[in-house]
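Chains, contacts and geometry: an overview
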Amino acid sequence: MKKNLLSILILALLIVNIVLTSIMMFSTVSASKKTTELVTDIASVLNLEIGGTGEGGVREVPLSQTETYNIPELTVALRSDEGEGAHYCLVNIVLSMDTKADGYKDFGSAESMAKYETLISSEINTIIGSYSIDELRAVSAKEEVRTKILESVQRMFDSDFIYNVSISDIKFS
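Analysis parameters
Residues numbered from 1 in each chain as written. Predicted model: local features only at pLDDT ≥ 70, side-chain atom pairs only at ≥ 80, totals over all residues. Heavy atoms only, no water. Helix = DSSP H or I, 4+ residues; strand = E, 2+ residues; numbered from the N terminus. Buried < 20%, exposed > 50% of the residue type's maximum accessible area, 1.4 Å probe, protein only. Contact = heavy atoms within 4.5 Å. Areas by Shrake-Rupley, 256 points an atom, 1.4 Å probe, with all protein chains shown as cover. Expected span 1.5 Å × (residues − 1). Bend = angle between axes of the 7 residues up to and from the residue. Core = buried A, V, L, I, M, F, W, Y, C linked by side-chain atoms within 4.5 Å. Phe/Tyr/Trp six-rings, centres within 6.5 Å; stacked < 30°, edge-to-face > 60°.

Each helix and strand in the protein chain was counted, giving five helices and three strands. In sequence order, the protein chain lays out its α and β elements as α-β-β-α-α-α-α-β. Considering the protein chain as a whole, with its 173 residues, one finds that 29% of them fall into the buried category. For the protein chain, long-range pairs separated by at least 24 residues make up 69% of all intrachain contacts whose partners lie at least 6 apart in sequence. Surface accessibility of the protein chain: about 11,800 Å² in total, with carbon and sulfur atoms responsible for 59%.

So this is what it looks like as structure tokens:
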């Protein structure tokens, strides 16, 4: 009889343990969900993308699947402010392409890019030419120009196989 009573006591304690563990589990899961929602809301307010692009909208693409296309020594007439003479800049542009992206198969070869180089150069001239020499000397304007060129080229090819634009050298006169 004592063995049966001891077994019933152990069974009752096991049931109580299971009930208390499940209550604790549900309270922990709901608190975790609330914390995750709070972090997501804060990230959206700060305009951060979790697992998205890197700095300045640039995707992280491994170097092994990156191909570059250079547009060397592009001369651009800059916007002149009142009372100033004409200013020009000489700029070298490097387009970084993702070889695994869909649009690369159609447009990414050196021959294809050479066909479109005048169109790309025209877009670059339009974007850079809309700035004055003083505006372009500012570091923040260079990032803005780089971002605008990237968006324009991606829109032109209707693809994001070009994932980065680098301004490798810029000289003013």
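The subject of this paragraph is helix 3 (residues 110-129). For helix 3, with 20 residues, the first-to-last C-alpha span of 26 Å sits near the 28 Å given by 1.5 Å per residue. Of all the bends in helix 3, the greatest, near 50°, is centred on Tyr116. The complete set of buried residues in helix 3 reads Ser112, Met113, Ile120, Ser121, Ile124, Ile127, Ile128 and Gly129.

Proteins that are soluble and globular tend to have nonpolar side chains buried together. By size, the foremost hydrophobic cluster in this structure holds 28 residues, and its most contacted members are Leu95, Met113, Ile128 and Ile162. When residues of this core are traced back to their parent elements, those giving at least two are strand 1 (66-78), strand 2 (87-98), helix 3, helix 4 (133-137), helix 5 (139-157) and strand 3 (162-172). Sequence-distant contacts of Met113, defined by excluding residues within four places in its chain, comprise Tyr69, Leu95, Met97, Phe107, Gly108, Ile120, Phe157, Phe161 and Ile162.

Summed over all chains, the structure comprises five aromatic pairs. Measuring from centroid to centroid gives 5.8 Å for Phe107 and Tyr116, while their planes differ by 75°, and the two rings are edge-to-face. Owing to a relative accessible area of 26%, Tyr116 belongs among the partly exposed residues under this scheme. Their ring planes at 85° and their centres at 5.5 Å tell us that Tyr116 and Phe157 sit as a pair that is edge-to-face. In this pair, Tyr116 is assigned in helix 3 and Phe157 in helix 5, connecting sequence segments 41 residues apart. One aromatic cluster is present, built from ring pairs that chain together Phe107, Tyr116, Phe157 and Phe161.

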